[in-house]
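Now for the letters of each chain:
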Amino acid sequence: MRTPQAPSVLDSRSEIANQVERVCLEAPIPVDVHTHLYSPRFGDLLLWGFDELVTYHYLIAEVCRTNRAVSPDAYYALSKREQADHIWRSLFLDESPISEARRGVLTALQAFGLDVESRDLEQYREFFASTTVEEHVDRVFAAANVEKVVMTNDPFDDQERPIWEQQGLETDDRFLAALRIDKILVTWHEAQPVLSGWGYDVAADLSGDTLSEVRRFLTDWAGRIHPVYLAVSLASSFAYPSDDPSTLLIDEAVIPVCRELGVPFAPMLGVKRLINPALQLAGDGVGKCDIAALERLCANHADVSFFVTLLSRENQHELCVAARKFPNLMPFGCWWFLNDPSLIEEMTRMRVELLGLSFVAQHSDCRILDQLVYKWRHFRPILAKVLTDKYLDLFATGWQLTTEQIEADVHALLGGNFLDMLGR
Ligand code: HDL
Ligand code: ZN
């Protein structure tokens, strides 16, 4: 019987700093808890390659403000290749690509061994043209050192639904499913006729068997996709309770199904939808949400887990305090407009100081496969910087640190806490 190796005690500040950096830069991401990626079986729904990477909606917003000679309407009238050429010229060649989303494109190209200094679009396009999506999924997951990703799966998406209906369960175990229910909770008046058409006996005023029928719909889809959570993006104006259909639908349909399935409810709050409609997918803004709505949700349903990310920087301290009060509230990630080094560092420091290790530090929110590399390569050094400071503070008290404990702590923050929530 091999005697268990004695834990390796770290005896100096430099040893601690070196080990924390090594672990943060090299530890596998057990699960990227929120993405818009799809496994290759979903065909064109899985976006990848140079032109998709460069026309990411974050960069559409940036090019429409940087090069105002081309209006959003004129931009969207271009072909995908022309859009990519326009963004490359305006945001990368005409000025330094210094923003986070632009740097990300270059980090990804560099990770694939491409010559970033050449600025040779055709070389980059040839690289992607010379590989298959299956090869590239393997390449990207390896380069990002990510073990699993959670998709965003919407039964109301006419392109995605038939794929689930024809082929059933996901077969690539690197891709976990999440049941996205914005249509039901945010636009019930649109969802109701569609559900009726699918044979669910639901009424616009939620009367009759509506709530049990919504539970049946959610349960039917949970049986089809096996979601690890039920998710919704809610506006900054979200109120709970309210006269809006969302209150009854959450209390009487969503929560009971989460309880039955043993999975969290994942409300993501703070979006201001289409504050500039001309930008289309790039047109959403951010607003501070009412944290009391989330507190009441957690208080009313203490036996259900709430897996939460908020979009506004101004909500982050309140979220940490709420999480201290509600053990069933697990904050996750630096979402969307928060996924920038200065804000990631601020949020992660605050979370460690208030929550210790009881949160999930990041998710990528990738829409394009190649982004998995840069979103995580940009995050890892920031986590290392924050944790080094915090562990050195511990060391200064005389507390003994080991590599094994640091590895366990980092695993928890990188997604282990989420898998524990699922009992996996
Ligand atoms: O609602 C969401 O899941 C958001 O992440 C939106 O998809 C948003 O457009 C986005 O891609 N943010 O990164
Ligand atoms: Zn998202």
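Predicted model, so just to flag it, every value in this text is computed and none were measured.

Novice: Break down a negative patch on the surface for me, with residues and values.
Specialist: A contiguous patch of negative charge on the surface is contributed by Asp 115, Glu 117, Asp 120 and Glu 126. Checked against the element boundaries, Asp 120 lands in the loop between α6 (100-111) and α7 (121-129).

Novice: Describe the site of ligand 1, with residues and values.
Specialist: Surveying the vicinity of ligand 1 reveals the residues His 34, His 36, His 57, Tyr 58, Arg 180, Ser 233, Met 268, Trp 335, Trp 336, Asp 365 and Arg 367. His 34 places a side-chain nitrogen or oxygen 3.1 Å from an oxygen atom of ligand 1. Within the side chain of Tyr 58, an N or O atom sits 2.4 Å from an oxygen atom of ligand 1. Summarising the interface, the protein chains cover 95% of the accessible area of ligand 1, which totals 330 Å² for the free molecule. Across the shell around ligand 1, the residue classes tally to 4 nonpolar, 4 polar and 3 charged.

Novice: Explain the nonpolar core residue by residue, including any values.
Specialist: Counting 150 residues, the largest nonpolar core has Ile 184, Leu 218, Leu 230, Phe 265, Leu 329, Leu 372 and Phe 418 as its most contacted members. In terms of residue count, helix α17 (residues 371-395) provides more of this core than any other element does, 12 residues in total. Dropping the residues within four chain positions of it, Leu 218 is found in contact with Leu 179, Ile 181, Ile 184, Leu 230, Ala 253, Val 254 and Val 257.

Novice: Describe the pattern of salt bridges, naming the residues involved and giving the relevant values.
Specialist: Under the criterion given, the structure shown has 24 salt bridges. Where Arg 216 meets Glu 213, a salt bridge forms, and the shortest distance between an N and an O atom there is 2.8 Å. Pair noted here: Arg 216 and Glu 213 are both in helix α12 (residues 210-225), with a separation of 3 residues, about one helical turn. The class of Glu 213 is buried, set by a relative accessible area of 12%. Here Lys 390 ties to Glu 353 by a salt bridge, and the two come within 2.4 Å at their closest N and O atoms. Taken together, the residues span a long stretch of sequence, with Lys 390 in helix α17 and Glu 353 in helix α16 (residues 341-355) at a distance of 37 residues. On the basis of relative accessibility, which here comes to 51%, the residue Glu 353 falls in the exposed class. Salt bridges sharing common partners tie together Asp 51, Arg 81, Asp 85, Glu 122 and Arg 125.

Novice: How would you sum up unusual backbone geometry? Please name residues and give values.
Specialist: For residues other than glycine, phi is negative in most cases, and the peptide bonds are mostly trans. At the junction of Tyr 240 and Pro 241, the peptide bond is cis and its omega measures out at -5° in the coordinates. The topology assignment puts Pro 241 in the loop between β4 (227-235) and α13 (245-261). Phi at Leu 206 takes a positive value of approximately 65°, unusual for a residue other than glycine. Topologically, Leu 206 is positioned in the loop between α11 (188-197) and α12. In this structure, Leu 274 takes a positive phi of about 50° despite not being glycine. Relative to the helices and strands, Leu 274 is located in the loop between β5 (265-272) and β6 (285-286).

Novice: Tell me what's going on with the pairing of β5, and back it up with residues and numbers.
Specialist: Remark: a regular strand shows side chains that alternate across the two faces of the sheet. Counting buried positions along β5 yields 7 of 8 residues, so the element is predominantly enclosed. Here β4 pairs with β5 via 6 bridges, running parallel. The residue bridging Ser 233 from the neighbouring strand is Met 268, located in β5. Once the chain exits β4 it traverses α13 before rejoining the sheet at β5, and the crossover so formed is right-handed. Pairing between β5 and strand β7 (residues 306-310): 3 bridges, direction parallel. Considered in β7, the bridge of Met 268 is made with Thr 309. Where β5 meets β6, 2 bridges bridge the pair, whose relative direction is antiparallel. Note that in β6 the partner of Val 271 across the bridge is Val 286.

The rules we used
- Residues numbered from 1 in each chain as written.
- Chains lettered and ligands numbered in written order.
- Predicted model: local features only at pLDDT ≥ 70, side-chain atom pairs only at ≥ 80, totals over all residues.
- Heavy atoms only, no water.
- Patch = residues over 30% accessible without salt bridge, like charges linked within 9 Å, V, L, I, M, F, W, Y side chains within 5 Å.
- Areas by Shrake-Rupley, 256 points an atom, 1.4 Å probe, with all protein chains shown as cover.
- Salt bridge = Lys/Arg side-chain N within 4 Å of Asp/Glu carboxyl O.
- Lys, Arg positive; Asp, Glu negative; His and termini not counted.
- Charge placed at Lys NZ, Arg CZ, Asp CG, Glu CD.
- Helix = DSSP H or I, 4+ residues; strand = E, 2+ residues; numbered from the N terminus.
- Near = heavy atom within 4 Å.
- Polar contact = N/O pair within 3.5 Å; in protein donor to acceptor, adjacent residues only side chain to side chain.
- Nonpolar A, V, L, I, M, F, W, Y, C, P; charged D, E, K, R; others polar.
- Core = buried A, V, L, I, M, F, W, Y, C linked by side-chain atoms within 4.5 Å.
- Buried < 20%, exposed > 50% of the residue type's maximum accessible area, 1.4 Å probe, protein only.
- Contact = heavy atoms within 4.5 Å.
- Pairing = 2+ DSSP bridges.
- Right-handed = clockwise from strand over helix to strand, strands pointing away.

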